[in-house]
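Summary of the model geometry
Letter by letter, the chains look like this.
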Amino acid sequence: MPKKKKINGFDALEQELDRLKKRSVRLEDQLLDRVDYFKDNYKKMALNAVIPGSGNHKGAISMAGKFARLAWESGKFKNFATGALMTALEFFGVQLGIKLFNKVADARKKKKESKRQAEEPDF
């Protein structure tokens, strides 16, 4: 990072503003390049995160598909995956049910409280 200069005059201020604008444009271009790279390569990156080294090969997705098909055809894996999925669905269902119940109970409690306050005489 370059040393910061002291700005003593209006001309120096204008030059610094121009320099900073050029720098911001350059940084925006770099960011756009990185976003484009990510858009082009996110599938390989995601697959490489799951199966390390698989993103380097052509046909890596077909290899992952074959692996998934082989695993799914295995009875033990299928039972494990089904059980894990059902457990996760039950957990999220219970959490959703608890939140929904609490929301309804709070609404009823607030309604009763406001009704009680409306019936009380003010002194």
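Description of the structure in this document. Numbering of residues starts from 1 in each chain and follows the order in which that chain's sequence is written. This being a predicted model, a pLDDT of at least 70 is required before a residue's local features are given, and a value of 80 or more before pairs of side-chain atoms are given or counted; all residues contribute to the totals for chains, interfaces and linings. Computation of side-chain values covers all heavy atoms of the structure but excludes hydrogens and water.

A word on the packing of aromatic side chains. Stacked, tilted and edge-to-face are the three classes applied to pairs of Phe, Tyr and Trp rings, where Trp contributes its six-membered ring and a pair requires centres within 6.5 Å; stacked means planes under 30 degrees apart, edge-to-face means over 60, and tilted covers the rest. Summed over the entire model, instances satisfying the criterion amount to one aromatic pair. Both rings, one in Phe91 and one in Phe92, keep their centres 5.4 Å apart while their planes meet at 70°; by these two values the pair is edge-to-face. Overall, Phe91 belongs to the partly exposed group, its relative accessible area being 47%. The buried label goes to any residue with under 20% of its type's maximum accessible area, the exposed label to any with over 50%, and the partly exposed label to all in between, with areas taken from a 1.4 Å probe on protein chains only.

Attention shifts here to the pattern of salt bridges. When a carboxyl oxygen of Asp or Glu lies within 4 Å of a side-chain nitrogen of Lys or Arg, that pair is called a salt bridge. Enumeration according to the criterion identifies two salt bridges in this entry. For Arg116, the salt bridge goes to Glu113, with nearest N and O atoms at 2.6 Å. Of this pair, Arg116 and Glu113 both sit in helix 3 (residues 75-119), three residues apart, which is roughly one turn of the helix. Residue classification places Glu113 among the partly exposed residues on the basis of a relative accessible area of 32%. Counting from the N terminus, the helices are the DSSP runs of H or I reaching at least four residues and the strands are the DSSP runs of E reaching at least two.

On their own, these measurements won't tell you what the molecule is for.
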